[in-house]
Structures are given as structure tokens and as C-alpha cells.
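Descriptive structure summary
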Amino acid sequence: TFLLLFAKRKRDHYIGEIVLGFGVLFYGLMLMGDALKVLKNIPDFQSLTIVFASQPLLAVLGGALMTAIIQSSSAMIGIIQKIYESGGITFQAALPFVFGSNIGTTITAALAAIGGSLAARRAAGVHTLFNVLMTIVSLLILPFYFQIMDYLTVTLHLESMMQIAVAHIIFNIVGTILFFPFIKQLVWTIKH
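About the cut-offs
Residue indices begin from 1 for each chain and proceed along its sequence in written order. Given that the model is predicted, a residue must reach a pLDDT of at least 70 before its local features are reported, and side-chain atom pairs must reach 80 or more before they are shown or counted; all residues, however, enter totals for whole chains, interfaces and linings. Each side-chain value is worked out from all heavy atoms of the structure, with water and hydrogens disregarded. Here a strand is any run of E in DSSP of at least two residues, a helix any run of H or I of at least four, and the numbering for each starts at the N terminus. Here a helix's expected span is defined as the number of its residues, less one, multiplied by 1.5 Å. Exposure classes here rest on a 1.4 Å probe applied to the protein chains alone. A residue is buried below 20% of its type maximum, exposed above 50%, and partly exposed in between. Directions are taken from the helix axis to each C-beta atom, and the arc is the one they span. Whether two residues touch is decided by their heavy atoms; if any such pair falls within 4.5 Å, the residues are in contact. Lines fitted to C-alpha atoms define the axes here, with helix axes fitted over just the stretch in contact, and angles between the N-to-C directions of these axes take values from 0 to 180 degrees. Working definition: roughly parallel below 35 degrees, roughly antiparallel above 145 degrees, roughly perpendicular at 65 to 115 degrees, and oblique for all remaining angles. Left-handed describes a crossing in which the near helix is turned anticlockwise from the far one by less than a right angle; the clockwise case is right-handed. Each Phe, Tyr or Trp ring (for Trp, its six-membered ring) is paired with any other whose centre lies within 6.5 Å, and the angle between the two planes then decides the class: stacked below 30 degrees, edge-to-face above 60, tilted in between. Patches were defined on residues exceeding 30% relative accessible area and lacking a salt bridge, with like-charge contacts within 9 Å and nonpolar side-chain contacts (Val, Leu, Ile, Met, Phe, Trp, Tyr) within 5 Å. What sets the accessible areas is the Shrake-Rupley method with a 1.4 Å probe; for residues, cover comes only from the shown protein chains. Any Lys or Arg side-chain nitrogen found within 4 Å of a carboxyl oxygen on Asp or Glu counts as a salt bridge.

A few words on helix H3 (residues 43–54). A rise of 1.5 Å per residue sets the reference length of H3, with its 12 residues, at 16 Å; its end C-alpha atoms lie 17 Å apart and thus fit the reference within 8%. The complete set of buried residues in H3 reads Phe 45, Thr 49 and Phe 52. Buried residues of H3, viewed axially, fall in a sector of 60 degrees; they line one side. Residues of H3 that are exposed and angled more than 90 degrees away from the buried face: Pro 43, Asp 44, Ile 50 and Ser 54. Where H3 is buried, its residues meet helix H4 (56–70), helix H5 (73–85) and helix H6 (91–104).

This is how it looks when you write it as C-alpha cells:
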């Protein structure tokens, strides 16, 4: 906050805003994590997580809906990380929630594209199509995905929150690699 309040140069002021933003974000996650720890003691929430673990499609829909409401996949993934870290949700339920958060975040682009140019609407369409297709692919190989994450967790000594972060990174990198050769087809689909 010192830079933000007393900086004379714009560059230093922007750095202060960035540092303050990250500080508030992490402080908020810490507070939220403390509050979310009680969820694991609520029987109805435990039952819900068992359903999500056995029915990943419901977890995807739940993640998409929650992310669409808060309009931030980063915040949703932070919530999932905190609940998983506290033991309130299993990894088998958390991972499909992460996939769903990628779908839910497309609502922001879709809302921004309303009333925008044709290019903006097409960009929002490609964004949505990519996330939906990648979620479908991920759900189809979900048991294999769990095996990869088990291997990486043991090999890299990942803590619970890092497991979710690495799983999300893999989702995006593999999705980009898989769909890169099909960019023309995605564009054609959105145009027609």
C-alpha cells in the first residue's frame, strides 16, 4: 500500500496496485479457507461430495454453475483448492469441478460479447466451444487423468492445493496442444 499511496511515477503506482491486489486475494483465500473447513463436518455436504465423486457430470455442471454465478474461474478454483485441502471434498469430485469451472468462466466472455462486434461474438463462441470440448475429452479419459495425477503427486511431492493447480494447468496445456491442429475447423464451426 506504501507504493500505491506515495508513488510519484505511474509505473510504481501500478506495481503497488498489483501487489495490493495479490495481497487482498491471498488474504481473502486464507479467510475463506478457514470458513470452508466447517463444510467437511456437515453431513449433507459430505453426501453431496460422494454424489459428485460418483457422478462427475454433476460435478462439472455444479462447477460451471457456481463459476457462472461468481464469474471467476480463478476464484472458483481457489474455493475448490481450499475445500479439498480441508478434506471436505475428494480429488475425484474436485477435478470435475475444475473442468466445470472452465466452462462456467465462458459466461463472462459471452456477456461481454453481447452487443459487441461479430468478431467478439465469434471469439466468445470459440472460447466456449474449446472449454466444452476439452471438458468432454477430459471426462472421457477421467480414470487415466486420475492415474496421471496420482503419479505426479507422488513424483513431485505435490500438496493438495498444488494437485488442483497442476491438474488445471494440464487441462489447459493439453487442450491447447490437442485443439491447435483444428483451429480452422473451430473457426469454421463458429462461422457457420
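Now, onward.
Attention now moves to unusual backbone geometry. When glycine is set aside, most residues are seen to have a negative phi, and most peptide bonds are trans. Residue Gln 71 is not a glycine yet carries a positive backbone phi of 55 degrees. Inspection of the secondary structure assignment puts Gln 71 in the loop between H4 and H5. Gln 71 gets classed as partly exposed once you look at its relative accessible area, which sits at 39%. Here the phi dihedral of His 157 falls at roughly 55 degrees; this positive angle occurs in a residue that is not glycine. Position of His 157 relative to the elements: it lies in the loop between helix H9 (142–156) and helix H10 (160–179).

Moving on to the environment of Lys 40. Take Lys 40: it is sitting in the loop between helix H2 (10–36) and H3. Judged by relative accessible area, Lys 40 falls into the partly exposed class, the value being 34%. With 61 residues separating them along the chain, Lys 40 and Ser 101 place their C-alpha atoms 21 Å apart. Excluding its chain neighbours within four sequence positions, the residues that come into contact with Lys 40 are Gln 46, Ser 86, Gly 87 and Gly 88.

Our next topic: the packing of H9 against H10. Following both chains from N to C, one finds H9 and H10 inclined at 130 degrees, their axes separated by 11 Å at the closest point. Between H9 and H10, the crossing angle belongs to the class labelled oblique. Judged by the sense of rotation from one axis to the other, the crossing of H9 with H10 is right-handed. Within the contact between the two elements, H9 uses Tyr 145, Met 149, Leu 152 and Thr 153 and H10 uses Gln 163, Val 166, Ala 167, Ile 170 and Phe 171.

The next thing to look at is the packing of aromatic side chains. Using the criterion set out here, one finds six aromatic pairs in the structure. Where Phe 99 meets Tyr 145, the ring centres are 5.4 Å apart and the plane angle is 55 degrees; that geometry is what we call tilted. With Phe 99 in helix H6 and Tyr 145 in helix H9, this pair connects stretches of sequence that are 46 residues apart. Among the aromatic side chains, those forming a connected cluster through ring pairs are Tyr 84, Phe 91 and Phe 146.

Turning to the side chain of Ser 86, a few remarks are in order. Examined against the element boundaries, Ser 86 turns out to sit in the loop between H5 and H6. Among all residues touching Ser 86, those that are not within four sequence positions of it are Leu 36, Lys 37 and Lys 40.

Inspection of the secondary structure puts Thr 105 in the loop between H6 and helix H7 (106–113). With residues up to four places along the chain from it excluded, the contact list for Thr 105 reads Thr 67, Ser 73 and His 127.

What follows is about H6. With 14 residues, H6 ought to run about 20 Å at 1.5 Å a step, and its terminal C-alpha atoms sit 20 Å apart, in line with that. Those residues of H6 lying buried are Phe 91, Ala 93, Ala 94, Leu 95, Pro 96, Phe 97, Val 98, Phe 99, Gly 100, Ser 101, Asn 102 and Gly 104.

Before going further, it helps to examine a nonpolar patch on the surface. A cluster of nonpolar residues, Ile 136, Leu 140, Ile 141, Phe 144 and Ile 148, forms a patch on the protein surface that exposes about 480 Å² of accessible area. Elements supplying a minimum of two residues to the nonpolar patch: helix H8 (118–140) and H9. For Phe 144, a relative accessible area of 49% puts it in the partly exposed group.

That's the geometry; what it means functionally is another story.
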